[in-house]
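The lines below spell out each chain.
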Amino acid sequence: MSSVLYDAQGPRAKRRNVLYTAVFLVVLAALLWWVYKSLDDKNQLDWALWKPFFSSEAYSTYIWPGLQNTLKAAALAMVIALPLGAFFGIARLSDHAWVRIPATVVIEFFRAIPVLVLMIFGNELYSQYTNVSSDDRPLYAVVTGLVLYNASVLAEIVRAGILALPKGQSEAAMAIGLRKGQVMRLILLPQAVTAMLPAIVSQLVVIVKDTALGGAVLTFPELLASANTMSGYYGANTIASFTVVAVIFVIINFSLTSFASWLEGRLRRRKKSTGAVLGVEDSVDIAGTAGTGTAA
């Protein structure tokens, strides 16, 4: 079946695609076999290396405390960065230069700095100018770096989502007497949220993964940092430890993405028209109101 964007494949194209698929599967199988053989030759698949992860000790002692710290830092960063990003994104769309220009400077400044540098600066800031204890300082620094960077990125997502809406939406709202704040709050933001949701969730996934930077540099005891300690305790089984941690990260981020997809579909279904059918009396009332300005 052909369409404007797609032409139906002929016999030669079908054979060629089947050949490409077969070659790809053979290469993939060879690559997987090479990885398996390499690990097996170095005894990385021995049961002794994987056995600790089938008991509760590894999870209760190392993985669960690290996972708690990862989720705590990510949740705090999300809760703060989302409203802050929405605020600066809307401020950058302001008609007033004294609001728009400072918001633009803040967004572009923090968006241009690597999040790791922001974490290091935050750690030094809390160390030199606050009374935050050395135990809590890594958490504060990680959350500060994640908030500053991701809020600036989310601000651009919010701005792009609002600008993507047709101009007729705001023009029609202003034509019926709504003020700019009401147009933004009642008309533009509710529509833009659904369109922005996939990009926002992608940024939230980035927040979860970037918590690992704090463990690598600031000794923040998050999930990835716990893998190093766990690997040393169980006899340097690095591949097994990091494989388990990687699977946990995949599960967390996949769950977050799946929830966002479900939420996006639910929001789209709620915005659809109910398709209510007007009765005869309703039609008479509407006709009388349109003709005389009063109900018939």
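Procedures and definitions
- Residues numbered from 1 in each chain as written.
- Predicted model: local features only at pLDDT ≥ 70, side-chain atom pairs only at ≥ 80, totals over all residues.
- Heavy atoms only, no water.
- Helix = DSSP H or I, 4+ residues; strand = E, 2+ residues; numbered from the N terminus.
- Buried < 20%, exposed > 50% of the residue type's maximum accessible area, 1.4 Å probe, protein only.
- Contact = heavy atoms within 4.5 Å.
- Areas by Shrake-Rupley, 256 points an atom, 1.4 Å probe, with all protein chains shown as cover.
- Salt bridge = Lys/Arg side-chain N within 4 Å of Asp/Glu carboxyl O.
- Axes fitted to C-alpha atoms, helices over the stretch in contact; angles between N-to-C directions.
- Left-handed = near helix turned anticlockwise from the far one by under 90°.
- Nonpolar A, V, L, I, M, F, W, Y, C, P; charged D, E, K, R; others polar.
- 1 Å grid on protein atoms, 1.4 Å probe; cavity = no way out; pocket = protein on both sides within 12 Å on 5 of 7 lines; lining within 4 Å.
- Points joined across faces, edges and corners; volume = space filled by probe spheres on them.
- Core = buried A, V, L, I, M, F, W, Y, C linked by side-chain atoms within 4.5 Å.
- Expected span 1.5 Å × (residues − 1).
- Bend = angle between axes of the 7 residues up to and from the residue.

Enquirer: Break down the overall build of the chain for me, with residues and values.
Expert: When helices and strands are tallied, the chain shows eleven helices and zero strands. Within the chain, buried positions represent 33% of all 296 residues. In the chain, once contacts between residues fewer than 6 apart in sequence are set aside, the share between residues at least 24 apart is 70%. When the accessible surface of the chain is summed, it comes to about 18,700 Å², and 66% of that surface belongs to carbon and sulfur atoms.

Enquirer: I'd like to hear about the environment of A195, residue by residue, with values.
Expert: Its place among the elements puts A195 in helix 8 (residues 180-217). Put simply, A195 and A164 are 31 residues apart on the chain and 8.9 Å apart in space, counted from C-alpha to C-alpha.

Enquirer: I'd like a rundown of the pattern of salt bridges, residues and numbers included.
Expert: Taken as a whole and judged by the stated rule, the model has four salt bridges. With its nearest N and O atoms 3.0 Å apart, the salt bridge here joins R92 to E108. Residue R92 is located in the loop between helix 3 (56-91) and helix 4 (97-112), and its partner E108 is located in helix 4; the two are separated by 16 residues in the primary sequence. Judged by its relative accessible area of 15%, R92 falls in the buried class.

Enquirer: Tell me about unusual backbone geometry, and please be specific about residues and values.
Expert: For T219, which is not a glycine, the phi torsion comes out positive at approximately 55°. Mapped onto the elements of the fold, T219 is located in the loop between helix 8 and helix 9 (223-233).

Enquirer: How would you explain the packing of helix 3 against helix 8 if you had to name every residue and give the values?
Expert: The interhelical angle for the contact between helix 3 and helix 8, taken along N-to-C directions, is 145°, at an axis separation of 10 Å. Every pair of crossing elements has a handedness; the one defined by helix 3 and helix 8 is right-handed. Contacts from T70, A73, A74, A77, M78, L82 and I90 of helix 3 reach helix 8 at M184, L189, I200, L204, I207, V208 and T211. Here the contact of helix 3 with helix 8 is built from residues that sort into twelve nonpolar, two polar and no charged.

Enquirer: Mind laying out the layout of surface pockets, listing which residues take part and the relevant values?
Expert: Of the voids in this model, the largest pocket is the one considered here, and its volume is about 590 Å³. Those elements giving two or more residues to the lining of the largest pocket turn out to be helix 3, helix 6 (137-163), helix 7 (167-175) and helix 8. Per-class residue counts for the lining of the largest pocket are eleven nonpolar, four polar and four charged.

Enquirer: So what's going on with the nonpolar core? Which residues, and what values?
Expert: With 47 residues, the main nonpolar core has V142, L146, I207, L223, M230 and I248 as its most contacted residues. When contributions to this core are tallied by element, the ones reaching two or more residues are helix 3, helix 5 (115-129), helix 6, helix 8, helix 9 and helix 10 (238-271). With sequence-adjacent residues up to four places away left out, V142 is seen in contact with A73, M119, T211, G214, L218 and F220.

Enquirer: Go over helix 8 with me, naming the residues and quoting the values.
Expert: Compared with the 56 Å implied by 1.5 Å per residue over 38 residues, the 45 Å span of helix 8 between its first and last C-alpha is markedly short. The axis of helix 8 is deflected most strongly, by about 55°, at M196, and proline P198 appears within four residues downstream. Taken from the residues just after helix 8, T219 is the one with a positive phi, measuring 55°.

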